[in-house]
Amino acid sequence: MGVGNFVIGVVGKPSAGKSSFLNSATDAVAKVGNYPFTTIKPNHGITYYQIDCPCKKYHKEEFCQPKYGKCVDGARFLPIEMLDVAGLVPGASEGEGLGNQFLDDLRGADVLIHVVDVSGTTDQNGKVTTGYDPINDIDWLHSEIHNWVYNNLKKKWVGIVRRHKALKCNAVETLTNQLCGYGTNAKLVGRFMDKLGLKEPLENWDDETLHKVVEAFLDERFPTIVALNKIDLPESGKNIEKICRKYGEERVVLTSALAECFLRKLDKQKFIKYYEGTEFFDLAEDQVDPSPEEKLKTLDDKTRNRLEKVQDMVLFRYGNTGVVECIRKAVKCLNVIPVFPVKNVNNFSSGRFGTKAVFSDCLLVPGGTTVREFARIIHPELDKYYQYAETIGNIRLGEDDLITYDNNIICIKTSQVIQKKNDDKKKDNNNNNDSNNSKDKNKNNDNE
Ligand SMILES: Nc1nc2c(ncn2[C@@H]2O[C@H](COP(=O)(O)OP(=O)(O)OP(=O)(O)O)[C@@H](O)[C@H]2O)c(=O)[nH]1
Ligand SMILES: [Mg+2]
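Overview of the structure. Because the structure is predicted, anything quoted here is derived from the model rather than measured.

**Some words on a positive patch on the surface**
The grouping of K70, K270, K273 and K297 at the surface amounts to a positive patch. By secondary structure assignment, the location of K297 is in the loop between β9 (281-282) and α11 (301-318).

What follows is the structure in structure tokens.
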């Protein structure tokens, strides 16, 4: 089972650094350029979200064998898809620049990272300038997405109301019907309508109310983390302060995609050992008796100078490049829980013959998922032949129990053995999931 069900969309104006961000956080090699619209088709990559693996708590590290991602000394790296949505420009919702095509690409994303060029050295269209105020970009992107959804609804509003009345629907039903194209389900619509607490019936909504509804929808459907990028440039300092004062720090992260790309590249080429998400790295001269695989190469003077600059401008100043932090915050917005389905809750085995592998599978599910829904997410046959579920200590779980961090190691018992060929089919599906194939993406969480 893969963990490819969630997608982080990377958005922002041209030349903000979206492709650089994707390259820095994944193994993708998207084209980067200091001119607008370098990216035309969206790029994909797989990034990793780090959690504590239960193998550490239960002292099973040596048997931990994730099918997807990896586990390093109890730190579990769960694969998540990332999508680089090419340069939106002001007026995109009206068809400007590359227009609606790119707003449409957003439909595949569950959470957004808005990459902002905080240095103010590119204007709203991504052209080189000086002294541009990046605060404009944050509000602009939000209103662009807002207008896109609002205009689509508004165009059809008279017909929507007519149908709503004729079919005697409630507001949640009508909105679910209208918003399902954005990867939305009744649960999500119910949630934001509850928060909004509107009293007027849908047929009486005026434009102002419709704007409020769209706003509440976007908050729920596209939670957004703002990456203030290019912090390595000297012009960035004063803008960072101003933006953090206005937007607070909860959803804002300071990043240097360029620095992260550089550090990861040096690590890959074995010039440094870089500890991702931290300010630390080792050089050849720091190593004592390294094994041949770990032995680092000596840096030339030019690369060493550049590394020192990255240390000065980014690592010492801000603590890290911000890229890992950004992914952590984005996934946190999704309010998901990692679940470890096992064949046996006493030894945590995944039931693969001839191996002692434990915790092989891990799936991220949306908060609010019940045990029975989880069975369905893993495989339709687990749902079909479902008998009961249990967690650590052989404690039985109710079908309607919510999955939490306290019961997220789960064994589903079935009345029939699930056929091996299904396992194989499942494996194939998930291999697809894990290999940048977003077309077949099974958005269980959204479309139930
Ligand atoms: N100094 C600095 N430059 C950066 C950083 N991130 C990206 N850049 C530069 O900004 C320019 C644009 O980067 P891209 O990653 O191509 O930007 P993009 O947002 O994908 O642009 P489009 O594809 O045109 O929409 C390139 O010259 C990058 O090297 C950063 O953190 N610091
Ligand atoms: Mg690009």
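Still to come is the rest of the account.
**So, the sheet that holds strand β12 (residues 386-391)**
One open sheet accounts for 5 strands, arranged β11-β10-β14-β12-β13; its pairing is mixed. Looking along the sheet, the strands with just one partner apiece sit at the ends: β11 (363-366) and β13 (395-397). Across this sheet, the average inter-strand angle for adjacent strands is 45°, counted without regard to direction. The sheet contact formed by β12 and β13 spans 3 bridges and is antiparallel. Following the sheet pairing, E390 is matched in β13 by R396.

**Describing the nonpolar core**
Counting 41 residues, the largest nonpolar core has I8, F21, M82, I113 and F359 as the members making the most contacts within it. Ranked by the residues each element gives to this core, the list is headed by helix α12 (residues 323-333), at 5 residues. Non-local contacts of F21, meaning those with residues more than four positions away in its chain, are made with V10, M82, I113, V115, A227, T255, A257, V323 and C326.

**A look at the packing of helix α1 (residues 18-25) against α12**
Two measures define how a pair of helices packs: the angle their axes make with one another and the distance between the axes. Running from N to C, α1 and α12 point in directions that differ by 90°, and their axes come no closer than 10 Å. Here α1 is positioned roughly perpendicular relative to α12, judged by the angle of their axes. Here F21, S24 and A25 of α1 come into contact with α12, specifically with V323, C326 and I327. Here the contact of α1 with α12 is composed, by residue class, of 5 nonpolar, 1 polar and no charged.

**Things to note about the side chain of E390**
Along the polypeptide, E390 turns up in strand β12. Of the polar contacts made by the side chain of E390, one reaches the side chain of N394; its length is 3.4 Å. What E390 contacts, discounting residues up to four positions off in sequence, is V345, I395, R396, L397, I409, I410, C411 and K413.

Parameters at a glance
- Residues numbered from 1 in each chain as written.
- Chains lettered and ligands numbered in written order.
- Predicted model: local features only at pLDDT ≥ 70, side-chain atom pairs only at ≥ 80, totals over all residues.
- Heavy atoms only, no water.
- Patch = residues over 30% accessible without salt bridge, like charges linked within 9 Å, V, L, I, M, F, W, Y side chains within 5 Å.
- Areas by Shrake-Rupley, 256 points an atom, 1.4 Å probe, with all protein chains shown as cover.
- Salt bridge = Lys/Arg side-chain N within 4 Å of Asp/Glu carboxyl O.
- Lys, Arg positive; Asp, Glu negative; His and termini not counted.
- Charge placed at Lys NZ, Arg CZ, Asp CG, Glu CD.
- Helix = DSSP H or I, 4+ residues; strand = E, 2+ residues; numbered from the N terminus.
- Pairing = 2+ DSSP bridges.
- Axes fitted to C-alpha atoms, helices over the stretch in contact; angles between N-to-C directions.
- Core = buried A, V, L, I, M, F, W, Y, C linked by side-chain atoms within 4.5 Å.
- Buried < 20%, exposed > 50% of the residue type's maximum accessible area, 1.4 Å probe, protein only.
- Contact = heavy atoms within 4.5 Å.
- Parallel < 35°, antiparallel > 145°, perpendicular 65-115°, else oblique.
- Nonpolar A, V, L, I, M, F, W, Y, C, P; charged D, E, K, R; others polar.
- Polar contact = N/O pair within 3.5 Å; in protein donor to acceptor, adjacent residues only side chain to side chain.

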